[in-house]
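Chain by chain, the residues:
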Amino acid sequence: MPPVAQEGNCLIYRGSNFLKQRLILSCLSGKPVKITQIRSEDESAPGLREYEISLIRLLDKITNGTKIELNPAGTSVMFSPGLLHGGPIHHDCCVQRGIGYYLDALIALGPFCKNPLHCNLRGVTNSKDSPSVDHIKGAALTLLKRFLLVDEGLELKVIRRGVAPLGGGEIVFRCPVRKSLRAIQFQSQGMVKRIRGTVYACKVSPAMANRTVEAAKGCMLKFLPDVYIYTDQNKGKMSGNSPGFGICLIAETTDGVCFAADCSSNTREESDTPSIPEDLGQEVAMRLLDEIYRGGCVDSSYQWLAALYMALGQKHVSKFLTGALSTYTVHFLQHLRDFFSITFKLENPDAEDDDDEGEDVRGAQKVLMACVGIGYTNINKRVN
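Residues numbered from 1 in each chain as written. Predicted model: local features only at pLDDT ≥ 70, side-chain atom pairs only at ≥ 80, totals over all residues. Heavy atoms only, no water.

(A) Spotlight on the overall build of the protein chain. Per the secondary structure count, the protein chain includes nine helices and 19 strands. C-alpha atoms of the protein chain, sized along the principal axes, occupy 60 × 55 × 45 Å. The buried share of the protein chain, taken over its 384 residues, is 54%. Long-range pairs, those at least 24 residues apart, make up 74% of the contacts in the protein chain between residues at least 6 apart in sequence. When the accessible surface of the protein chain is totalled, it reaches about 16,700 Å², and 49% of it is carbon and sulfur. Side chains of the protein chain give 44 positive and 42 negative charges; the mean places of these two sets differ by 8 Å. (Helix = DSSP H or I, 4+ residues; strand = E, 2+ residues; numbered from the N terminus. Buried < 20%, exposed > 50% of the residue type's maximum accessible area, 1.4 Å probe, protein only. Contact = heavy atoms within 4.5 Å. Areas by Shrake-Rupley, 256 points an atom, 1.4 Å probe, with all protein chains shown as cover. Lys, Arg positive; Asp, Glu negative; His and termini not counted. Charge placed at Lys NZ, Arg CZ, Asp CG, Glu CD.)

(B) Quick look at the pairing of strand E13 (residues 192-202). Where E13 and strand E15 (residues 244-253) come together, ten bridges link them in antiparallel fashion. Residue Thr198 lies in a different strand from E15, and its bridge partner there is Cys248. Bridge count for E13 against strand E14 (residues 227-234) is eight bridges, and the pairing is parallel. Counted as the bridge partner of Ile195 is Val227 from E14. Viewed along the sheet, the connection from E13 through helix H5 (residues 206-220) into E14 turns out right-handed. (Pairing = 2+ DSSP bridges. Right-handed = clockwise from strand over helix to strand, strands pointing away.)

(C) Representation of the packing of aromatic side chains. Following the criterion strictly, the structure yields 13 aromatic pairs and no others. For the pair Phe112 and Tyr376, a centre-to-centre distance of 5.1 Å together with 85 degrees between the ring planes defines the contact as edge-to-face. Taken as a pair, Phe112 in the loop between helix H3 (99-109) and strand E9 (115-123) and Tyr376 in the loop between strand E19 (367-372) and helix H9 (379-382) lie far apart in primary sequence, 264 residues in all. Look at Phe186 and Phe320: their rings are 5.7 Å apart centre to centre, the planes differ by 75 degrees, and that puts the pair in the edge-to-face class. Note that Phe186 is positioned in strand E12 (residues 185-186) and Phe320 in strand E17 (residues 317-322), a separation of 134 residues in sequence. For Phe186, a relative accessible area of 11% gives the class buried. For Phe320, a relative accessible area of 0% translates into the label buried. Connected via pairs of aromatic rings, a cluster forms that spans Phe18, Tyr302, Trp304, Tyr328 and Phe332. (Phe/Tyr/Trp six-rings, centres within 6.5 Å; stacked < 30°, edge-to-face > 60°.)

(D) Representation of unusual backbone geometry. Residue Pro165 is reached from Ala164 by a cis peptide bond, and omega for that bond is 5 degrees. Here Lys203, not a glycine, exhibits a phi torsion of approximately 55 degrees, which is positive. Here Lys203 is to be found in the loop between E13 and H5.

(E) View of the pattern of salt bridges. Applying the stated criterion across every chain yields a total of 15 salt bridges. In this structure, the salt-bridge partner of Asp104 is Lys20, at a minimum N-O distance of 3.3 Å. Here Lys20 lies in helix H1 (residues 19-29) and Asp104 lies in helix H3, a separation of 84 residues in the sequence. On the accessibility criterion, Lys20 (9% relative accessible area) is buried. Between Glu278 and Arg211 there is a salt bridge, with its nearest N and O atoms 3.0 Å apart. You can see Glu278 sitting in helix H6 (residues 277-294) and its partner Arg211 sitting in helix H5, a full 67 residues away along the chain. The class for Arg211 is partly exposed, based on a relative accessible area of 37%. Via salt bridges that share partners, Asp134, Arg161 and Asp232 belong to a single interconnected network. (Salt bridge = Lys/Arg side-chain N within 4 Å of Asp/Glu carboxyl O.)

(F) Molecular detail of the sheet that holds E14. Spatial ordering of the open sheet is given by E14-E13-E15-E16, a layout of four strands whose pairing is mixed. Sheet topology places E14 and strand E16 (258-264) at the edges, where each strand pairs with a single neighbour. Going from strand to strand, the sheet's axes swing by 15 degrees on average, the running direction of each strand aside. On top of the sheet, helix H4 (residues 133-148) reaches E13, E15 and E16; it is set at about 160 degrees to E16, its chief contact. Here H5 sits on the sheet and contacts E13, E14 and E15; the angle it forms with E14, its principal contact strand, is near 165 degrees. (Axes fitted to C-alpha atoms, helices over the stretch in contact; angles between N-to-C directions.)

(G) Region of the structure containing the sheet that holds strand E11 (residues 169-175). The mixed open sheet is built from four strands, whose spatial order is E8-E9-E11-E10. Among the strands making up the open sheet, the edge pair consists of strand E8 (86-92) and strand E10 (155-160). Averaged over all pairs of adjacent strands, the angle between their axes in this sheet comes to 10 degrees, without regard to strand direction. Strands E9, E10 and E11 of the sheet are contacted by H3, whose axis makes an angle of about 175 degrees with E9. Of the strands in this sheet, E10 and E11 touch H4, which is tilted by about 170 degrees from E10.

(H) How the structure looks around helix H2 (residues 50-62). If you check H2, its first and last C-alpha atoms are 19 Å apart, about what 13 residues at 1.5 Å a residue would give, namely 18 Å. Residues of H2 that are buried: Tyr51, Glu52, Ser54, Leu55, Ile56, Leu58, Leu59 and Ile62. (Expected span 1.5 Å × (residues − 1).)

(I) View of H4. Largest kink in H4: about 30 degrees, centred on Leu141. Judged by how many residues are buried, H4 sits mostly within the fold: twelve of 16 residues are covered. Of the positions making up H4, those classed as buried are Val133, Asp134, His135, Ile136, Gly138, Ala139, Ala140, Leu141, Leu143, Leu144, Phe147 and Leu148. Directly beyond the C-terminal end of H4, a positive phi value near 70 degrees is found at Leu149. (Bend = angle between axes of the 7 residues up to and from the residue.)

Structure (structure tokens):
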């Protein structure tokens, strides 16, 4: 959805959709953003949700000089970004969303801070509505390493797990800073060579984890012989505040591309029927096969991140092959145009153009994203 209007440098949007995208791009571009009519039609609970306010607070912590204005009903927010400062941060994330919801913003902004990020986040490590921390570690950090070149100081560590609805988990995320990102041309996804996974169980019988492993492995071994799934049993304080279990699978290709899929058990609020470990294992296996079929050089959850790093790269042509674009990515490309006046060339590479018949021809139709980076430099790193 394009901005409704523009007052000078400030972009004005309506509605609560894609709030996170707009705030992230506002921080990077330095352009203030005003979002109005946030759930104004919802009579029972109008305005910003608690998890969105928690995200705004987190962005305020990693920046210096940010101004935020909320109207009394919470249906309108004015966000004027300050300089990305970074450094050590402690944040209690709202348990309505997983920690992955907040980590997405930190991964996008981390390389452009003045000081390397060292974040300690507490909340729900594994939930249905956000990528789990295992998913982010496998898919998003692998992508970030491609653009950073050096991965010294890049770390995501799970200190303790916490599942929905009460959370109680804790993670540490460290990200180095860069003056600029290199332009990248990455069009070969390779073949899947191995599958790794993690099954976690918090405050439930260890048998739940073992049954989930057996079911997922049974499906994946029909596809590939190299499958290894770890179990992460948590007890006492290390298991958070709610019972639950889940699984994350990561497929790695010969060219270092990672596809991830995760699945977690139902909470009592979501469903009266408890999750069956065998069903969970099969469901995550099907989701991973779906990701592999979609293909490309990035997991579908992080196509938007590849687009962001390409747009902010040096003033050279960047090319990146992805699977079919997700709705989230399509809207992100539109927002990149609004904030940075950058457009991407999208094309479907023809199967006939492939010299290696059979490698990239398989699977769904691919999309080749191409753009010339804007040559974004980290001004925060220069100012001492």
